[in-house]
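Coordinates in review
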Amino acid sequence: MDINRFRRHTPEEIMREIEKDLQGDSRKIYDNAILITLSYFALESYFIHKDILPFIALGIEKDEAEKVTSKYFSINAEKQELKARAHITKDKFKQNYKPKLFFEHRPKVVYERTWNLDSTEIAILNTVQDGWKRIAFQILLMLLIWRH
């Protein structure tokens, strides 16, 4: 799909173009027989796992991965509960605790204050983030090559 053709078009025109692109075999993605429902909303959640992170971040051990993943999921669950009780806003939760942030570099002070991580855990997380950036670039490159 050429996204440049959508520049300076109305939302209705863009919708018609997308619908036109979905005609034919591509509509099979909506076939319930082959449709897979993911249990997590954020795709990054699937990669925050003690067995997967050592493959993403070369140089970290499984026990280090387990340390940061268990800490992340613990704080995430605690903040989800606070969000459910309206003690923190949805925007505040998304700003500080969503799974995508596990893979994005942020200042050390953010991890210390919001995630309650120590310097060792922050170093492990930074190694994971560097590995994620490397892999994400490789995946993007593969998709670009596959597309052409």
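Read on for a plain summary of the structure.

Definitions and cut-offs
- Residues numbered from 1 in each chain as written.
- Predicted model: local features only at pLDDT ≥ 70, side-chain atom pairs only at ≥ 80, totals over all residues.
- Heavy atoms only, no water.
- Helix = DSSP H or I, 4+ residues; strand = E, 2+ residues; numbered from the N terminus.
- Buried < 20%, exposed > 50% of the residue type's maximum accessible area, 1.4 Å probe, protein only.
- Contact = heavy atoms within 4.5 Å.
- Areas by Shrake-Rupley, 256 points an atom, 1.4 Å probe, with all protein chains shown as cover.
- Axes fitted to C-alpha atoms, helices over the stretch in contact; angles between N-to-C directions.
- Parallel < 35°, antiparallel > 145°, perpendicular 65-115°, else oblique.
- Nonpolar A, V, L, I, M, F, W, Y, C, P; charged D, E, K, R; others polar.
- Patch = residues over 30% accessible without salt bridge, like charges linked within 9 Å, V, L, I, M, F, W, Y side chains within 5 Å.
- Salt bridge = Lys/Arg side-chain N within 4 Å of Asp/Glu carboxyl O.

Thoughts on the overall build of the protein
In terms of regular secondary structure, the protein is built from 6 helices and 0 strands. Starting at the N terminus, the α and β elements of the protein follow one another as α-α-α-α-α-α. Evaluated residue by residue, the protein yields a buried proportion of 26% over its 148 residues. At a minimum sequence separation of 6, the contacts of the protein that also span at least 24 residues come to 48%. As presented, the protein carries roughly 11000 Å² of accessible surface, and 58% of it is formed by carbon and sulfur atoms.

Observations regarding the packing of helix H3 (residues 62-84) against helix H4 (residues 90-97)
Two numbers describe how H3 lies on H4: the axes approach to 10 Å, and their chain directions differ by 170°. The pairing of H3 with H4 is recorded here as roughly antiparallel in orientation. For the pair formed by H3 and H4, the contact residues are Tyr 72, Ile 75, Asn 76, Lys 79, Gln 80 and Lys 83 on the first element and Lys 90, Phe 93 and Tyr 97 on the second. Classifying every residue of the contact of H3 with H4 gives 4 nonpolar, 2 polar and 3 charged.

Points about a nonpolar patch on the surface
Taken together, Phe 137, Leu 141 and Ile 145 make up a surface patch of nonpolar side chains, about 330 Å² in accessible area. Summarising the element assignment, Phe 137 is placed in helix H6 (residues 119-147). On the basis of relative accessible area, Phe 137 is assigned to the exposed category, the value being 54%.

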